[in-house]
Amino acid sequence: MFILEKLAQYARTGRTAIVYGDDSLSFAALERRSNAFARYLLDTLADDRTPVMIYGHKELSIPACMFGCLKSGRGYVPVDTTFPPERVRQIAAQVQPKLVIDLAGAGVGAPVVLDADALEAVLAAPAEPVARENWVLPAQTAYILFTSGSTGTPKGVQITAGNIAAFREGVAPWFDLDVDGGRFLNEISYSFDVSVCALYDALSRGMTLYTVDKTTLGDTKKLFAALRASDVDVWVSTPSLAEICVQSEQFTNALLPHVKRFVFCGEVLTKKLAAQMMERFPGVPILNAYGPTEATVLVTAAEMTRDMLQSDRPTPIGYAFSNVTARIVSESGEALPDGEAGELLLLGESVSPGYFGRPDLNAKSFFIDEKTGLRGYHTGDLCYRLDGLIYYCGRLDSQVKLNGFRVELEDVENNLARVENIARAAVLPVMTDGKVTSLTAFILLQSPDGLSALKRGQKIRAALSGVLPSYMVPRKFVALDAFPLNTNGKVDKKSLAALL
Ligand code: AMP
């Protein structure tokens with residue numbers, strides 16, 4: 001794998017790979033520690049290739065474990081601490097890991113569980129590099145990322161080493177800054193696939209990752225101090241982070257004097273934000289990029305221009321990467337002419353082999369194209385194309401993006417229906433300026449609870465926060481006596497929307 005070759009190469013340079021607060025890790029240490037972990041896995045798990053589960057946040061030990069897994073020929077499942085222990089256990093129940101690294105006390109059962117101290121002892125052991133024959137092969141799983149699933153339990157997107165290679169090839173013209181070294185913002189949690197840009201692209205160019213953790217993200221003063229210290233050359237984030245930043249007048253090129261490129265992805269980049277960014281950082285390219293986890297991080301990109309922002313169209317999500325086929329089709333699967341909106345299908349080497357252990361979902365979402373033999377994925381995104389540029393017009397299902405996080409509304413509804421005394425739930429997104437800003441849950445109680453709306457909300461929120469990450473917990477709960485139904489007996493969400 002390219003990244004593993006590059007780690008060994010940069011290990012000889014004395015460069016810093018990752019900075020996290022006052023701590024840092026050199027490429028040499030990353031190489032050494034990932035070798036130690038790979039050796040340990042080969043000794044401990046022998047031929048068992050079940051992916052290793054890693055529960056933590058941004059600890060410097062995590063990338064060493066990830067690359068150690070790849071060097072030993074197995075994948076990993078990174079699970080961020082935004083996932084509460086119950087959701088982590090649901091993931092473990094699917095993966096059945098033989099080895100879990102538990103840096104935050106999720107209490108997952110597995111034959112081998114390493115806490116932070118035990119892991120440190122493993123990583124600090126002297127180790128020779130692992131022979132390449134042991135490395136993960138292009139067709140093998142490199143990582144599995146669990147994302148919101150409509151049944152109420154998360155689903156795991158499997159990504160192979162070959163998928164990552166295809167992503168790197170596709171994104172190269174957009175990220176290629178001719179940089180050898182430089183600083184890269186490391187803001188996205190490792191359990192979300194945008195972090196792959198940092199781990200697999202930036203590190204393989206010898207760049208240094210400047211880590212911003214969730215505590216820092218939640219505290220504007222700390223955030224700006226961290227951004228100033230980072231002095232990044234490349235910024236990749238969701239628009240949501242930049243939206244927080246532009247609230248402050250400090251967010252200008254005086255804060256980041258060397259920034260050469262902003263890449264926004266994961267959710268709608270509003271024209272307002274793109275325009276603000278152009279004003280605050282004159283001359284710095286602002287890119288909008290798009291891609292689902294299932295097609296490995298990103299598949300389209302374009303640099304934003306003033307003309308694009310002045311047009312009546314939505315912000316374009318870009319041109320398809322040269323190794324990705326993007327097809328826009330009608331409901332019956334017919335290719336649509338330019339300008340007509342339909343579902344976006346993605347085909348190519350970066351498309352995942354499927355969800356882990358979910359043949360039912362795979363049959364619905366993935367396919368092999370008869371004509372080309374390419375692997376394809378139904379994105380569920382409604383798009384149209386004009387002059388090669390693709391425009392995103394919304395979802396065809398009830399998936400939403402909230403502060404950059406992917407949420408299936410049915411996931412929240414199914415978890416709500418498991419809360420004591422809730423008979424049924426319908427969750428609706430609350431929109432501001434064309435973006436989802438929060439969720440409201442309408443509920444039917446099994447029996448009257450005599451509670452005030454405030455007390456009931458607190459009780460439900462407490463129950464949900466044990467099973468769902470905080471970004472999936474609705475802000476408001478509204479109890480109704482009955483749900484409005486449409487003619488086919490389903491909850492009429494349009495009528496409910498009028499109550500928002
Ligand atoms: P995820 O797998 O979490 O990256 O989410 C993928 C989904 O996020 C896509 O299917 C889109 O619905 C949405 N998305 C990603 N990038 C963009 C973008 N640049 N503009 C609008 N929506 C986006």
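The structure under discussion appears in the preceding block.
Residues numbered from 1 in each chain as written. Predicted model: local features only at pLDDT ≥ 70, side-chain atom pairs only at ≥ 80, totals over all residues. Heavy atoms only, no water.

## A few points about the layout of surface pockets
In this structure, the second largest pocket spans a volume of roughly 210 Å³. Along its surface, the second largest pocket is lined by V19, Y20, G21, Y210, T211, V212, D213, T216, K222, A226, A229 and S230. At the level of elements, β1 (16–20), β10 (208–211) and α9 (220–230) are the ones that each hand at least two residues to the lining of the second largest pocket. In terms of residue class, the lining of the second largest pocket is made up of 6 nonpolar, 4 polar and 2 charged. (1 Å grid on protein atoms, 1.4 Å probe; cavity = no way out; pocket = protein on both sides within 12 Å on 5 of 7 lines; lining within 4 Å. Points joined across faces, edges and corners; volume = space filled by probe spheres on them. Helix = DSSP H or I, 4+ residues; strand = E, 2+ residues; numbered from the N terminus. Nonpolar A, V, L, I, M, F, W, Y, C, P; charged D, E, K, R; others polar.)

## Here's the deal with the environment of P138
Here P138 is to be found in the loop between α5 (116–124) and β7 (141–147). The residues contacting P138, other than those within four sequence positions of it, are T160, A161 and G162. (Contact = heavy atoms within 4.5 Å.)

## Comments concerning the site of the ligand
The environment of the ligand is made up of 17 residues, and the closest members are A289, T293, D381, K401 and R406. In this structure, a nitrogen atom belonging to the ligand sits 3.1 Å away from a main-chain N or O atom of G266. At a separation of 2.6 Å, an oxygen atom of the ligand approaches a polar side-chain atom of T293. Every element with two or more residues in the shell around the ligand is listed here: β13 (286–290), β21 (389–395) and β22 (399–402). Ranked by residues supplied to the shell around the ligand, first place goes to β13 with 3 residues. When the residues that make up the shell around the ligand are grouped by side-chain class, the tally is 6 nonpolar, 5 polar and 6 charged. (Near = heavy atom within 4 Å. Polar contact = N/O pair within 3.5 Å; in protein donor to acceptor, adjacent residues only side chain to side chain.)

## Here we look at the environment of V284
Residue placement: V284 occurs in the loop between α11 (271–280) and β13. Look at V284 and you get buried, because its relative accessible area is 13%. Separated by 258 residues in sequence, V284 and S26 have C-alpha atoms that sit 29 Å apart. If sequence neighbours within four positions are ignored, V284 has contacts with V259, K260, R261 and F262. (Buried < 20%, exposed > 50% of the residue type's maximum accessible area, 1.4 Å probe, protein only.)

## Digging into the sheet that holds strand β24 (residues 422–432)
Spatial strand order, β24-β25-β26: 3 strands in an open sheet with mixed pairing. Two strands in the sheet have a free side with no partner beyond their single neighbour: β24 and β26 (476–480). Each adjacent strand pair in this sheet contributes to an overall mean axis angle of 25°, direction not counted. Across 5 bridges, the pairing between strand β25 (residues 435–445) and β26 is parallel. Along β26, the bridge assignment pairs L444 with L480. Packed on one face of the sheet, helix α15 (residues 453–465) meets β24, β25 and β26 and runs near 115° to β26. (Pairing = 2+ DSSP bridges. Axes fitted to C-alpha atoms, helices over the stretch in contact; angles between N-to-C directions.)

## What to know about the packing of aromatic side chains
A ring pair, where both rings are aromatic, is described by two values, the distance of the centres and the angle of the planes. Summed over all chains, the structure comprises 16 aromatic pairs. Geometrically, the ring pair formed by F67 and Y200 is edge-to-face, given 5.9 Å between the ring centres and 80° between the ring planes. Of the two residues, F67 is situated in helix α3 (residues 61–71) and Y200 in helix α7 (residues 195–202); the sequence distance between them amounts to 133 residues. On the accessibility criterion, F67 (0% relative accessible area) is buried. (Phe/Tyr/Trp six-rings, centres within 6.5 Å; stacked < 30°, edge-to-face > 60°.)

## With respect to the state of the cysteines
Considering all chains together, one arrives at 0 disulfides under this definition. Residue C245 stays outside any disulfide, its sulfur separated by 15 Å from that of C265, the closest cysteine. Looking at C245, the relative accessible area reads 0%, which means it is buried. (Disulfide = S-S within 2.5 Å.)

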